[in-house]
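# Per-entry structural report
What follows is the residue order along each chain.
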2 protein chains.
Amino acid sequence: MTFNLEKFLPYRLRILYDTITHSFSPIYIKQYKLSPSEWRVLASIAGSGSVTAKQLGKHSRMHKTKVSRAVFELSKRNLIVKVPNKNDLRETFLEVSELGGEMYRKLSIRAIEFDNKMLSCLTQNEQLALDEIIEKLQKHAETNFYSHD
Amino acid sequence: MTFNLEKFLPYRLRILYDTITHSFSPIYIKQYKLSPSEWRVLASIAGSGSVTAKQLGKHSRMHKTKVSRAVFELSKRNLIVKVPNKNDLRETFLEVSELGGEMYRKLSIRAIEFDNKMLSCLTQNEQLALDEIIEKLQKHAETNFYSHD
DNA sequence: TTAAATTAGTTTCATTTAAAACTATATTTA
DNA sequence: TAAATATAGTTTTAAATGAAACTAATTTAA
């Protein structure tokens, strides 16, 4: 069997991710002046209600300095609020502000639209299959391969 | 309908790509001292026989400066050779050297192994479905969304 | 044909990134 | 307890990145 880079999963995923993300990112970059990290952090916080930077970073696989800087920027713009944990002052809970929630709601509408349009090239069955396949691969990769920290 | 980041395709693809690539990259990084770009460029050249930096960058979605630097390094280590195009001296054809071919063959064996192990969590049908789905999404994203150059 | 515009690839420079060192808390253990 | 170790998050430093300027060659158009 001869190797074919074009069919190599990591290579294909990278190209697909790159293409798709660059199709969506202009929306939050241009219209809301958010960096990719900032959008990701805002959406993560909004989705979870309240998280620490550590939890957020681990869950969304972002480097802690990236999270730290995104949090700093979002906080500066009053899009999120930092609530110190009274029981452990090393960590702070992150929550979206009124303003941040508004921005998030507007952006998430665009995100849903985008996702629907993107997935519209697949049949209903394929969409379901893709969901399951990603889930399986992710779990498999995490338990059998991935190691970091 | 409420937005769920965890089910958002760009987000999921990024995390899956990140997990998978970090599972494979130690092989070429530690054992062959190649950067991700260098591995990608080496494999691209090996796969196509002879390409220009421009073609390679476009096809594999790498920034031209990244390609330029990877080519410089690989060339310095005699893993690839640069063959000037006699008919247009602005461009040079890139080809793998004897040494580079050897490294590529060894690495591609590891890549095939990795891919097989990664895909082994899917049924045969799911593997076929995934192939088709990626193909469809890639084409759809390129023609309907992506714009860069 | 020569001047203007274009192209492939490189280099420079400003920005982004991650690794490592750091600060401040909190926990463990002697 | 007090000293030693660990942890969350930030800042500093060094490396990687991409945008823009550049070089050398080619093509277009006056």
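Each value, and the rule that gives it
- Residues numbered from 1 in each chain as written.
- Chains lettered and ligands numbered in written order.
- Predicted model: local features only at pLDDT ≥ 70, side-chain atom pairs only at ≥ 80, totals over all residues.
- Heavy atoms only, no water.
- Helix = DSSP H or I, 4+ residues; strand = E, 2+ residues; numbered from the N terminus.
- Buried < 20%, exposed > 50% of the residue type's maximum accessible area, 1.4 Å probe, protein only.
- Contact = heavy atoms within 4.5 Å.
- Areas by Shrake-Rupley, 256 points an atom, 1.4 Å probe, with all protein chains shown as cover.
- Lys, Arg positive; Asp, Glu negative; His and termini not counted.
- Charge placed at Lys NZ, Arg CZ, Asp CG, Glu CD.
- Least-squares fit on C-alpha atoms with pLDDT ≥ 70 in both.
- Phe/Tyr/Trp six-rings, centres within 6.5 Å; stacked < 30°, edge-to-face > 60°.
- Near = heavy atom within 4 Å.
- Polar contact = N/O pair within 3.5 Å; in protein donor to acceptor, adjacent residues only side chain to side chain.
- Nonpolar A, V, L, I, M, F, W, Y, C, P; charged D, E, K, R; others polar.
- Core = buried A, V, L, I, M, F, W, Y, C linked by side-chain atoms within 4.5 Å.

### A look at the overall build of chain A
The secondary structure content of chain A amounts to six helices and two strands. In chain A, the order of α-helices and β-strands from amino to carboxyl end is α-α-α-α-β-β-α-α. Taken along the three principal axes of its C-alpha coordinates, chain A extends 60 × 35 × 25 Å. A burial count over chain A gives 47% of its 149 residues as buried. In chain A, of all internal contacts separated by at least 6 residues, the share reaching a separation of at least 24 is 55%. As displayed, chain A offers around 8,400 Å² of accessible surface, 53% of which is attributable to carbon and sulfur atoms. Averaging the locations of the 23 positively and 17 negatively charged side chains of chain A gives two centres separated by 5 Å.

### Digging into the relation of the copies chain B and chain A
Superposition of chain B onto chain A requires a rotation of 180 degrees combined with a translation of 0.0 Å along the rotation axis, giving an RMSD of 0.1 Å. Such a turn and shift between the copies fits a two-fold axis. Both copies present the same face, since 100% of the interface residues in chain B are matched by interface residues at the equivalent positions in chain A.

### Details of the packing of aromatic side chains
Aromatic ring pairs are defined here through the distance separating the ring centres and the angle between the ring planes. Counting across every chain of the model gives 20 aromatic pairs over all chains. Considering the side-chain rings of A:Phe3 and A:Phe8, the 5.2 Å spacing of their centres and the 75 degrees angle between planes classify their relative orientation as edge-to-face. We classify A:Phe3 as buried; its relative accessible area is 12%. One aromatic cluster in this structure is built from A:Phe3, A:Phe8, B:Phe24, B:Tyr28, B:Trp39, B:Tyr104 and B:Phe114.

### Points about the protein's contact with DNA strand C
Close to DNA strand C lie 19 residues; A:Asp88, A:Leu89, A:Arg90, B:Lys54 and B:Ser68 are nearest. Among all atoms of DNA strand C positioned within 4 Å of the protein, those belonging to sugar or phosphate total 57%. Between DNA strand C and A:Thr65 there is a distance of 3.4 Å, counted from a base nitrogen to a side-chain nitrogen or oxygen. Contact distances for DNA strand C include 2.9 Å between a base oxygen and a side-chain N or O atom of B:Arg69. For the surface near DNA strand C, the elements supplying multiple residues, two or more each, are α4 (64-76) of chain A together with α3 (53-59) and α4 (64-76) of chain B. In terms of residue class, the surface near DNA strand C is made up of two nonpolar, six polar and eleven charged.

### Topic: the nonpolar core
Residues A:Leu34, A:Trp39, B:Leu34 and B:Trp39 are the most contacted members of the largest nonpolar core, which totals 88 residues. Not counting the four nearest positions on each side in its chain, A:Trp39 is found in contact with A:Phe24, A:Tyr28, A:Leu34, A:Leu107, A:Ala111, B:Phe3 and B:Phe8.

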